[in-house]
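# Descriptive structure summary
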Amino acid sequence: MIMVIYAFFQEKTMEEAKSFVPDRVIKYGARRVVVPGIFARGCLPLYLTLFKTNNTTAYDEFHCLKEYNDFTKYLNDCLKQVIEELRNENPDAVIVYADYYNAFEWLLRNAVFLGQSP
């Protein structure tokens, strides 16, 4: 998965990015593959520290950097497109996308109910 992220940062084409995804394990015989998405990067302490700004509109309701989360959503959408192509090319394989972004956002939205402070 990390290689796919770097492929997009290096402006690789979708075809080039596909060479980094789980088609290799499918070729080796895997029939069930889980492909993890990317967490909300704009919420990670590293990003919040490196790209800190006094512009309050740069942050969302969870105090995460919107621009970086929007880019993460874009990368996840690209990843889902590649996964769909892999599914079409490998009908005998079950390829599942693990939506880490929305799972993480759910934790943020429900922090109070999970015993955490907002």
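Here is what the cut-offs are and how they apply
Residues numbered from 1 in each chain as written. Predicted model: local features only at pLDDT ≥ 70, side-chain atom pairs only at ≥ 80, totals over all residues. Heavy atoms only, no water. 1 Å grid on protein atoms, 1.4 Å probe; cavity = no way out; pocket = protein on both sides within 12 Å on 5 of 7 lines; lining within 4 Å. Points joined across faces, edges and corners; volume = space filled by probe spheres on them. Helix = DSSP H or I, 4+ residues; strand = E, 2+ residues; numbered from the N terminus. pLDDT = per-residue confidence, 0-100. Buried < 20%, exposed > 50% of the residue type's maximum accessible area, 1.4 Å probe, protein only. Contact = heavy atoms within 4.5 Å. Disulfide = S-S within 2.5 Å. Patch = residues over 30% accessible without salt bridge, like charges linked within 9 Å, V, L, I, M, F, W, Y side chains within 5 Å. Areas by Shrake-Rupley, 256 points an atom, 1.4 Å probe, with all protein chains shown as cover. Salt bridge = Lys/Arg side-chain N within 4 Å of Asp/Glu carboxyl O.

## Quick word on empty space enclosed by the protein
Per the stated rule, a full pass over the model turns up 1 cavity of 30 Å³ or more. In this structure, the largest cavity encloses a volume near 40 Å³. Around the largest cavity, the lining residues are Ala40, Cys43, Asp60, Phe62, Cys64, Asn69, Tyr101, Phe104, Glu105 and Leu108. No other element matches helix α6 (residues 100–109), which puts 4 residues into the lining of the largest cavity.

## Focus on the confidence of the model for the chain
Interpretation of this model should avoid reading the predicted coordinates in detail wherever pLDDT is low. Looking at the chain, pLDDT values average 85 and 81% of them are 70 or higher. Between the elements of the chain, mean pLDDT differs from a low of 55, seen in helix α1 (residues 2–9), to a high of 94, seen in helix α4 (residues 45–50).

## Topic: the environment of Phe104
As for its position among the elements, Phe104 is in helix α6. The exposure class of Phe104 is partly exposed, given its relative accessible area of 22%. In this structure the C-alpha to C-alpha distance between Phe104 and Phe39, which are 65 residues apart in sequence, comes to 6.7 Å. In this structure Phe104 touches Phe39, Ala40 and Cys43, once residues within four positions along its chain are discounted.

## Here's the deal with the side chain of Asn69
You can see Asn69 is positioned in helix α5 (residues 66–89). The buried category is assigned to Asn69, whose relative accessible area is 3%. Here Asn69 is in contact with Ala40, Arg41, Gly42, Cys43, Asp60, Cys64 and Tyr101, once residues within four sequence places are set aside.

## Brief notes about the state of the cysteines
As used in these notes, a disulfide is a covalent bond between sulfur atoms, one from each of two cysteines. Scanning the model with the defined rule gives 1 disulfide in all. Between the sulfur of Cys43 and that of Cys64 lies a disulfide, 2.0 Å long from S to S. When the S-S torsion is 110 degrees, as for the bridge of Cys43 with Cys64, the disulfide is right-handed. Highlighted residues: Cys43 in the loop between β1 (32–36) and α4 and Cys64 in the loop between α4 and α5, separated in sequence by 21 residues.

## Overview of a nonpolar patch on the surface
A cluster of nonpolar side chains, contributed by Trp106, Leu107, Phe113 and Leu114, occupies part of the molecular surface with about 480 Å² of accessible area. Looking at the element boundaries, Trp106 is found in helix α6. Of the residues examined, Trp106 reaches a relative accessible area of 48% and is grouped as partly exposed.

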